[in-house]
Amino acid sequence: MAISDPLGDMLTRIRNAQMRRKNKVSSPNSKLRAHVLEVLAKEGYIRGFTTVDYDGGKSELEIELKYFDGEPVIRTIERVSKPGRRVYSSVKNIPHVSNGLGVSILSTPRGVMSDHQARDENVGGEVLCRVF
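Quantities reported herein were computed from a predicted structural model and do not represent experimental measurements. (Residues numbered from 1 in each chain as written. Predicted model: local features only at pLDDT ≥ 70, side-chain atom pairs only at ≥ 80, totals over all residues. Heavy atoms only, no water.)

K.L.:
Honestly, the overall build of the protein in this entry has me stumped. Any pointers?
P.N.:
Counting its regular elements, the protein contains three helices and ten strands. The N-to-C order of helical and strand elements in the protein reads α-β-α-β-β-β-β-β-β-β-β-α-β. Relative to the compact-globule value of 14 Å for 132 residues, the protein shows a C-alpha radius of gyration of 15 Å, a close match. The burial tally for the protein puts 39% of its 132 residues in the buried class. In the protein, of all internal contacts separated by at least 6 residues, the share reaching a separation of at least 24 is 61%. Surface summary for the protein: the accessible area is close to 7,800 Å², and the carbon and sulfur share equals 47%. Averaging the locations of the 21 positively and 16 negatively charged side chains of the protein gives two centres separated by 5 Å. (Helix = DSSP H or I, 4+ residues; strand = E, 2+ residues; numbered from the N terminus. Rg over C-alpha atoms; globule rule 2.2 N^0.38 Å. Buried < 20%, exposed > 50% of the residue type's maximum accessible area, 1.4 Å probe, protein only. Contact = heavy atoms within 4.5 Å. Areas by Shrake-Rupley, 256 points an atom, 1.4 Å probe, with all protein chains shown as cover. Lys, Arg positive; Asp, Glu negative; His and termini not counted. Charge placed at Lys NZ, Arg CZ, Asp CG, Glu CD.)

Structure, rendered in structure tokens:
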């Protein structure tokens, strides 16, 4: 079965795994997913991720989830721009998440980056997801 929203699928897998207190979760590999995971790891929301290659050219991302005092570090993770409704933002209108405590992940012409990095580089783009 084809997935219509691969990034939304990965975010849902992360959300579901954290509800079940799993240490790791896997997701099919793609460049966009890997770039979003790099931003999440750099911001401290996940421990890290690795790429696992299988026979036949398939590969998956093994995501190591992060917990603090038994609670997930990620409280909410939600998709903003969906396949049916894309959400774009100029650098002046990039949304703040929980007064700067959370992070928005954007896809810009300079690559996938967090909202504060996009403001520093003075570039806007598609708002992929919101994490707090």
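K.L.:
Just to check I follow, could you spell out the pairing of strand E3 (residues 59–65) for this structure?
P.N.:
Two faces belong to every sheet, and in a regular strand the side chains alternate between them. Of the two faces of E3, only the one carrying Ser-59, Leu-61, Ile-63 and Leu-65 is buried; Glu-60, Glu-62 and Glu-64 on the other face are not. Strand direction decides the pairing type here: strand E1 (residues 24–28) and E3, joined by five bridges, are antiparallel. Across the sheet, residue Ser-27 finds its bridge partner in E3, namely Leu-61. Hairpin connection between strand E2 (residues 46–53) and E3: a loop of five residues separates the two successive antiparallel strands, and Gly-56 in this loop has a positive phi of roughly 85°. (Pairing = 2+ DSSP bridges.)

K.L.:
How should I be thinking about helix H1 (residues 6–19) in this particular structure?
P.N.:
One turn of an α-helix holds 3.6 residues; hence residues three or four places apart share an orientation. Compared with an ideal rise of 1.5 Å per residue, which puts 14 residues at 20 Å, H1 spans 20 Å between its outermost C-alpha atoms and is within 8% of the ideal. What H1 keeps buried is the set Leu-7, Gly-8, Met-10, Leu-11, Ile-14, Ala-17 and Gln-18. Backbone geometry just after H1 places Arg-21 at a positive phi near 60°. (Expected span 1.5 Å × (residues − 1).)

Keep in mind these values describe shape, not function.
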